[in-house]
Amino acid sequence: MRRMRGTALAAAAMAGVLTLAGCAKDSGGGNSSNNTAASTGGSDCVTAPKPPAAPAAASSTAAAGEKVDGSKLKIGLAFDVGGRGDASFNDAAAAGTDKAKAELGVTTVSESTAGSSEAESAKQQRLDQMAASGLNPIIAVGFAYAPSVKVVAAKYPNTKFAIVDDDSITLPNVTSLVFAEEQGSFLAGVAAAYKSKNCHIGFVGGVNTPLIQKFEAGFLQGAKTVSNKIKIEDEYLTPAGDFSGFQDPPKGNAKAAAEIAKGADVIYHAAGASGKGVFDAAKAGNALAIGVDSDQYNQKTVEADKDVIITSMLKRVDVAVFDYVQAVAKGDLTTLPKRFDLKVDGVGYATSGGKIDDIKDVLDGYKAQIIAGQITVSDKPQK
């Protein structure tokens with residue numbers, strides 16, 4: 001997962017008004033069993049009225065578009081820290097190119113992964129080598145690639161580039177793939193408040209950057225919107241510039257365990273591969289967890305902890321990557337949305353495991369209000 005800021009909105013018809021409530025302190029009680037917490041919702045914590053039911057057309061899905069032939073494309077996929085197998089952000093990007101292979105006939109995808117402390121020159125060299133070898137398009141996964149994409153794309157004007165989580169580059173051969181992470185995280189905050197028995201929840205961010213602050217902001221706002229009693233632990237693993245926070249499960253475990261010890265019984269992480277440590281801590285501490293980016297309930301690398309994962313905030317990097325590859329194959333990039341938000345299912349929430357089936361109508365009600373513009377989700381944390 002990762003980076004950059006954006007504003008949240010979109011339009012679609014719908015009615016209903018929501019009262020935003022501030023956050024007051026509430027002491028954390030003893031933890032309940034995972035099964036009980038997952039199936040019954042924290043009714044004592046929720047203070048806001050249930051939102052109106054979402055009309056059938058309140059949410060519009062992204063158009064699949066016509067199937068095109070991508071067999072001539074040779075894709076370069078430059079992963080962020082963690083690479084394929086991180087059970088999160090990078091895996092979502094990989095899923096997009098895997099789908100392009102299956103559905104568009106793409107035969108060549110060359111992958112390379114960034115190191116946690118590599119110099120900028122290494123990123124630039126990675127992209128340069130991809131372009132020089134004839135890969136086209138080249139997809140850079142993460143805003144950390146922005147300086148290098150700007151340099152290399154200018155050097156290879158006939159090669160198409162895409163960058164996930166950055167919209168600062170204005171070159172004609174560079175496409176930005178950015179998301180409304182705060183909107184999906186709002187729904188994660190609602191789910192956490194509804195499922196908390198202690199009315200006490202937690203957030204663990206990987207690296208304290210503007211992008212991860214969008215996850216934090218939406219989560220805080222969503223939880224506070226449904227409860228004026230909710231208490232929230234809010235921590236990061238590393239400061240800006242230290243990207244090890246995205247691949248340090250032991251540190252994620254320690255931070256989440258500390259939040260659970262304070263009384264938090266539902267933990268939401270936006271920490272990449274470090275999220276495995278968060279899940280381990282939730283399981284050991286008899287708490288619940290919310291994943292991020294991919295549907296982590298179904299991720300093999302965190303399978304041992306799936307029973308505590310009640311949902312995941314879906315950041316559909318897979319959709320964005322596939323749609324981009326399809327648009328390149330078709331020769332028309334104008335069909336891509338400027339931002340992948342709730343309206344185009346660019347973000348959302350997972351239902352695997354059935355642990356939030358009882359509040360799905362609540363989540364869809366809030367989703368509809370966000371799409372309609374009745375709730376504006378901030379991309380900056382309001383503490």
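Residues numbered from 1 in each chain as written. Predicted model: local features only at pLDDT ≥ 70, side-chain atom pairs only at ≥ 80, totals over all residues. Heavy atoms only, no water.

**A look at the packing of aromatic side chains**
Thinking step 1. Within this structure, the stated rule accounts for 7 aromatic pairs.
Thinking step 2. Aromatic pair Phe 203 and Phe 219: ring centres 6.2 Å apart, planes at 35°, arrangement tilted. Of this pair, Phe 203 sits in strand S6 (residues 200-207) while Phe 219 sits in helix H6 (residues 210-226); the two residues are 16 residues apart in sequence, bridging distant segments of the chain. Accessibility assignment for this pair places Phe 203 and Phe 219 in one class, buried.
Thinking step 3. Taking NZ or CZ as reference, Lys 99 lies 4.4 Å from the ring centre of Phe 322, over its face. (Phe/Tyr/Trp six-rings, centres within 6.5 Å; stacked < 30°, edge-to-face > 60°. Helix = DSSP H or I, 4+ residues; strand = E, 2+ residues; numbered from the N terminus. Buried < 20%, exposed > 50% of the residue type's maximum accessible area, 1.4 Å probe, protein only. Lys NZ or Arg CZ within 6 Å of the ring centre and 35° of its normal.)

**Remarks on unusual backbone geometry**
Thinking step 1. Residue Pro 137 is reached from Asn 136 by a cis peptide bond, and omega for that bond is 10°.
Thinking step 2. Of note, Pro 137 is situated in the loop between helix H3 (120-132) and strand S3 (138-141).
Thinking step 3. In the Ramachandran plot, Asp 293 falls in the positive-phi region, its phi being about 70° despite a non-glycine side chain.
Thinking step 4. Assignment of secondary structure puts Asp 293 in strand S9 (residues 288-293).

**A short note on helix H7 (residues 249-261)**
Thinking step 1. Counted at 1.5 Å a residue, the expected span for H7 with its 13 residues is 18 Å, and the 18 Å between its end C-alpha atoms agrees.
Thinking step 2. Where H7 is concerned, the buried positions are Gly 252, Ala 256, Glu 259 and Ile 260. Buried residues along H7 cover an arc of 100° about the axis, so they all sit on one side. Along H7, the residues that are exposed and aim more than 90 degrees away from the buried face are Pro 250 and Ala 261. (Expected span 1.5 Å × (residues − 1). Arc of directions from axis to C-beta.)

**Some remarks on helix H9 (residues 317-330)**
Thinking step 1. Here H9 is 14 residues long and its end C-alpha atoms lie 20 Å apart, about the 20 Å a rise of 1.5 Å per residue gives.
Thinking step 2. By the criterion of burial, H9 is predominantly enclosed, with 12 of the 14 residues buried.
Thinking step 3. Looking at the buried side of H9, the elements it contacts are strand S1 (74-79), helix H2 (89-104), S3, strand S4 (161-164), strand S5 (174-177) and strand S10 (309-315).
Thinking step 4. Following H9 by one or two positions, Gly 331 has its phi on the positive side, about 85°. (Contact = heavy atoms within 4.5 Å.)

**Brief notes about the pairing of S1**
Thinking step 1. When you tally the buried positions in S1, you get 5 out of 6 residues, the bulk of the element.
Thinking step 2. Strand direction decides the pairing type here: S1 and strand S2 (residues 108-113), joined by 6 bridges, are parallel. Counterpart to Gly 76 in the pairing with S2 is Ser 110.
Thinking step 3. For the crossover that starts at S1, traverses H2 and ends in the parallel S2, the hand is right-handed. (Pairing = 2+ DSSP bridges. Right-handed = clockwise from strand over helix to strand, strands pointing away.)

**Section: the sheet that holds strand S11 (residues 347-349)**
Strand pairing within a sheet occurs via backbone hydrogen bonds; the two strands may be parallel or antiparallel.
Thinking step 1. The strand order across the open sheet formed by 6 strands is S7-S6-S8-S9-S10-S11, and the pairing between neighbours is mixed. The open sheet has two free edges, formed respectively by strand S7 (231-238) and S11, since each of these has just one partner strand. Looking at each pair of strands side by side, their axes are set apart by 15° on average, direction ignored.
Thinking step 2. Pairing between S6 and S7: 7 bridges, direction parallel. Following the sheet pairing, Gly 202 is matched in S7 by Glu 233.
Thinking step 3. Helix-sheet contacts for helix H5 (residues 181-195) involve S6, strand S8 (266-270), S9, S10 and S11, and the interaxial angle to S10 is about 170°. (Axes fitted to C-alpha atoms, helices over the stretch in contact; angles between N-to-C directions.)

**Thoughts on the state of the cysteines**
Thinking step 1. According to the stated counting rule, one finds 1 disulfide in the structure shown.
Thinking step 2. One disulfide in the model links Cys 45 with Cys 199; its S-S distance is 2.1 Å. The sign of the S-S torsion, about 60°, decides the handedness of the disulfide formed by Cys 45 and Cys 199: right-handed. Highlighted residues: Cys 45 in the loop between helix H1 (34-40) and S1 and Cys 199 in the loop between H5 and S6, separated in sequence by 154 residues. The residues Cys 45 and Cys 199 share a single accessibility class, namely buried. (Disulfide = S-S within 2.5 Å.)

**Considering the pattern of salt bridges**
Thinking step 1. If you walk through the whole model with that rule in mind, you get 19 salt bridges.
Thinking step 2. Between Glu 233 and Lys 262 there is a salt bridge; the shortest N-O distance is 3.8 Å. Of the two residues, Glu 233 sits in strand S7 while Lys 262 sits in the loop between H7 and S8, which places them 29 residues apart along the sequence.
Thinking step 3. Salt-bridge contacts for Lys 276 lead to Asp 280; the nearest nitrogen and oxygen are separated by 3.4 Å. Highlighted residues: Lys 276 and Asp 280, both in helix H8 (residues 275-284), separated by 4 residues, approximately one helical turn. (Salt bridge = Lys/Arg side-chain N within 4 Å of Asp/Glu carboxyl O.)

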